[in-house]
There are 2 protein chains.
Amino acid sequence: MAGDQVTLLDLWASPFGMRVRIALAEKAVKYEYSEQDLWNKGALLLQMNPVHKRIPVLVHDGKPICESLIIVQYIDEVWKDKAPLLPSDPYERAQSRFWADFVDKKLYELGKKIYTTKGEDQEAAKRDFIDSLKLLEGELGDKPYFGGETLGYVDVALLPFYCWFYAYETIGNFNIEADCPKLIAYCKRCLEKESVSKSLEDPQKVYDFVVMLRKKFNWA
Amino acid sequence: MAGDQVTLLDLWASPFGMRVRIALAEKAVKYEYSEQDLWNKGALLLQMNPVHKRIPVLVHDGKPICESLIIVQYIDEVWKDKAPLLPSDPYERAQSRFWADFVDKKLYELGKKIYTTKGEDQEAAKRDFIDSLKLLEGELGDKPYFGGETLGYVDVALLPFYCWFYAYETIGNFNIEADCPKLIAYCKRCLEKESVSKSLEDPQKVYDFVVMLRKKFNWA
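Residues numbered from 1 in each chain as written. Chains lettered and ligands numbered in written order. Predicted model: local features only at pLDDT ≥ 70, side-chain atom pairs only at ≥ 80, totals over all residues. Heavy atoms only, no water.

Q: Account for the environment of Ile75 of chain A, with residues named and values stated.
A: All names here are of chain A. Position of Ile75 among the secondary structure elements: in helix α3 (residues 68-78). Linking Ile75 and Asp104, residues 29 residues apart in sequence, is a C-alpha distance of 19 Å. Setting aside anything within four residues of it in sequence, one finds Ile75 in contact with Val20, Ala23, Leu24, Lys27 and Leu58. (Helix = DSSP H or I, 4+ residues; strand = E, 2+ residues; numbered from the N terminus. Contact = heavy atoms within 4.5 Å.)

Q: Go over the environment of Phe16 of chain A, please, and point to the residues and values.
A: All names here are of chain A. Tracing the backbone shows Phe16 in helix α1 (residues 15-26). Along the backbone, Phe16 and Val59 are 43 residues apart, and their C-alpha atoms lie at a distance of 15 Å. Not counting chain neighbours up to four residues away, the residues in contact with Phe16 comprise Pro56, Ser68, Asp104, Tyr108 and Phe161.

Q: Kindly report on the pattern of salt bridges, identifying the contributing residues and their values.
A: Residues and elements named next belong to chain B. Considering all chains together, one arrives at 30 salt bridges over all chains under this definition. The residue Lys193 makes a salt bridge to Glu26 at a minimum N-O spacing of 3.8 Å. Here the residue Lys193 occupies a position in the loop between α9 (181-190) and α10 (194-197), and Glu26 occupies one in helix α1 (residues 15-26), the gap between them amounting to 167 residues. Residue Lys193 is classed as partly exposed on the basis of its relative accessible area of 28%. Glu26 sits in the buried class, given a relative accessible area of 13%. Lys182 serves as the salt-bridge partner of Asp142, at 3.4 Å between the closest nitrogen and oxygen. (Salt bridge = Lys/Arg side-chain N within 4 Å of Asp/Glu carboxyl O. Buried < 20%, exposed > 50% of the residue type's maximum accessible area, 1.4 Å probe, protein only.)

Q: Let's hear about the domain arrangement of chain A: which residues, and what values?
A: Residue and element names in this part refer to chain A. Along its sequence, chain A is organised into domain 1 (6-78) and domain 2 (90-216). The straight-line distance from the C-alpha centre of domain 1 to that of domain 2 is 21 Å. Contacts between the two partners involve 15 residues from domain 1, matched on the other side by 28 residues from domain 2. Regarding the contact of domain 1 and domain 2, the summed buried area is about 2000 Å², with carbon and sulfur atoms giving 72% of it. On the domain 1 side of the interface with domain 2, the three residues burying the most area are Trp12, Arg19 and Ile22, jointly 31% of the side's total. (Domains from an automatic or database assignment. Buried area = accessible area lost by both parts, 1.4 Å probe.)

Q: Tell me what's going on with the UniProt feature "domain: GST N-terminal" (unreviewed entry) in chain A, and back it up with residues and numbers.
A: In the UniProt entry, the feature "domain: GST N-terminal" (unreviewed entry) is given for residues 4-83 of chain A. Helix and strand shares over residues 4-83 of chain A are 36% and 21% respectively, and the end C-alpha atoms of the span are 18 Å apart. (UniProt positions renumbered as here; feature names shortened; annotations may be inferred.)

Q: Which residues make up the sheet that holds strand β4 (residues 63-66) of chain A, and what are the values?
A: Residues and elements named next belong to chain A. Reading across from one edge, β2-β1-β3-β4 is the order of the four strands in this open sheet, with mixed pairing throughout. Among the strands making up the open sheet, the edge pair consists of β2 (32-35) and β4. On average, each strand axis in the sheet is inclined to that of its neighbour by 20°, with strand direction left out of account. Across four bridges, strand β1 (residues 6-10) lies against β2 in parallel orientation. Following the sheet pairing, Asp10 is matched in β2 by Glu35. Along the sheet, α1 contacts β1, β2 and β3 (57-60); its crossing angle with β1, the most-contacted strand, is approximately 155°. (Pairing = 2+ DSSP bridges. Axes fitted to C-alpha atoms, helices over the stretch in contact; angles between N-to-C directions.)

Q: An account of the relation of the copies chain B and chain A is needed here, citing residue identities and associated values.
A: Superposing the two chain copies requires a rotation about an axis and a translation along that axis. Between chain B and chain A, the superposition needs a rotation of 180° and an axial shift of 0.0 Å, giving an RMSD of 0.0 Å. On this basis, the relationship between the two copies can be described by a two-fold rotation axis. When you check the interface residues of chain B against chain A, 100% turn up at the interface there too, and the contact is symmetric in its surfaces. (Least-squares fit on C-alpha atoms with pLDDT ≥ 70 in both.)

Q: Go over α3 of chain A, please, and point to the residues and values.
A: Taking burial as the measure, the 11 residues of α3 of chain A include 11 buried ones, the bulk of the element. All buried positions along α3 of chain A are accounted for by Ser68, Leu69, Ile70, Ile71, Val72, Gln73, Tyr74, Ile75, Asp76, Glu77 and Val78 of chain A.

Q: Just give me the short version of the sheet that holds strand β4 (residues 63-66) of chain B, but keep the residues and values in it.
A: Residue and element names in this part refer to chain B. The strand order β2-β1-β3-β4 describes an open sheet built from four strands, whose pairing is mixed. At either end of the open sheet lies a strand with only one pairing partner, and these are β2 (32-35) and β4. Neighbour-to-neighbour, the strand axes of this sheet turn through a mean angle of 20°, independent of strand direction.

Q: Explain the pairing of β1 of chain A residue by residue, including any values.
A: Residue and element names in this part refer to chain A. Counting buried positions along β1 yields five of five residues, so the element is predominantly enclosed. Every second residue of β1 is oriented toward a common face, with Val6, Leu8 and Asp10 on one face and Thr7 and Leu9 on the other, all of them buried. Summarising the sheet, β1 and β3 pair through four bridges and their orientation is antiparallel. Within the sheet, the bridge partner assigned to Val6 lies in β3 and is His60. What joins β1 to β2 is α1, and the crossover it makes is right-handed. (Right-handed = clockwise from strand over helix to strand, strands pointing away.)

Q: I'd like to hear about the interface of chain B and chain A, residue by residue, with values.
A: In this complex, chain B contributes 26 residues to the contact, which on the side of chain A involves 26 residues. Between chain B and chain A, the buried area comes to about 2300 Å², and carbon and sulfur atoms account for 68% of it. Summed over the shared surface of chain B and chain A, the result is 10 residue pairs in polar contact (both at pLDDT 80 or more). Elements that contribute at least two residues to the side of chain B that touches chain A include exactly β4, α3 (68-78) and α4 (90-116) of chain B. Broken down by element, the side of chain B that touches chain A gets its largest block of residues, 12 residues, from α4 of chain B. Along the lines of polarity and charge, the residues of the side of chain B that touches chain A split into 14 nonpolar, three polar and nine charged. (Polar contact = N/O pair within 3.5 Å; in protein donor to acceptor, adjacent residues only side chain to side chain. Nonpolar A, V, L, I, M, F, W, Y, C, P; charged D, E, K, R; others polar.)

Q: So, the packing of aromatic side chains: which residues are in play, and what are the values?
A: Residue and element names in this part refer to chain A. Per the stated rule, a full pass over the model turns up 40 aromatic pairs over all chains. When the centroid spacing of 6.0 Å and the interplanar angle of 85° are considered together, the rings of Phe16 and Phe161 count as edge-to-face. Taken together, the residues span a long stretch of sequence, with Phe16 in helix α1 and Phe161 in the loop between α6 (153-158) and α7 (165-172) at a distance of 145 residues. The class of Phe161 is buried, set by a relative accessible area of 0%. Joined through ring pairs, the aromatic side chains of Trp12, Tyr115, Phe129, Tyr162, Trp164, Phe165, Tyr168, Phe174, Phe209, Phe217 and Trp219 make up one cluster. Above the face of the Trp12 ring, Lys205 is positioned so that its terminal group lies 4.4 Å from the ring centre. (Phe/Tyr/Trp six-rings, centres within 6.5 Å; stacked < 30°, edge-to-face > 60°. Lys NZ or Arg CZ within 6 Å of the ring centre and 35° of its normal.)

In structure tokens form, the structure reads like this:
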């Protein structure tokens, strides 16, 4: 809407922040991007998200919205005239919410285990990670997007992790495409959309970031 | 709606199942209750929730909906003519989703830590648990319900844990009301509603269940 003041408090490498960037791009919402220093949190972040003290936070006309999937739903409800992200049917909406929640509960947690553990724990995380991707691949089926013919809520939730795959693969010494070729083909197809490509980061840069985290927190 | 076939796969002690029971009661939806044996999962549960294999699952006209907060939103969207649970304003909806998510991420996890750990870990969990309740108490303020004048989404998410408080307190040897009198007064007030009182279980029975879990899994 004209006159909206929209600011995104974010960290460039965050897959959760990237979700919000894709949603805003799909809706063609203009916004100010405000990079945060997570190791020296600024007054604005602490004021806007006093409970969790983390990014992303969308500040819309002075009011903060926190937690990426909640922000994406908010964006879909406020800027509803363009590029609907959630389906209108209640059952399909519930299914979309289920798979987006699955990405948070499984994919993110298992991906993190790959670069924070070693040995048998890391091997187990890699197996579970691939199993989770295969479930997603099965749910996608032969559709262009998870919701059907257009980019939607589950795609927005999932696609940011694609630019983290190279870090998982390099640190875990495995190849995702070998097990999940259809899911990788889907990610590559989605990257042809500008809303996705301009919101995701360079996998090599993400890898360097993860290597830095591993050194900083003694995970390596 | 007349003619709806609704079945709830549930476990009597589950705070997540109780959320669905409150929501169905608020909407006056008739349903069949199907108690599940979590240590000997039946074919119906495995068929209806093949991904997480857990309760609650709402089966509506043969179609399964999983994950309690997703089910509550589904109920609110399908039976929308009575007792709305989520506010209509997008910002207030986002705030409701934020606090319901907070209950899952903080209250449930910390409560579980109280009865699965000992010593300093348990002490830390008790402190964090009280801190989380205090944040909720602050958000409630002087309103009768979290959303305002009527029972809503955050109340449905939170209230089932009230019948678990006695187990947390007895095992952790602390008193929640001493630190959070306003929140406990709110819970007692909400219990005057039949939709809540008939959906929650006897605290002593829940305590006995948790004691059984602690023995079974060697947490005690």
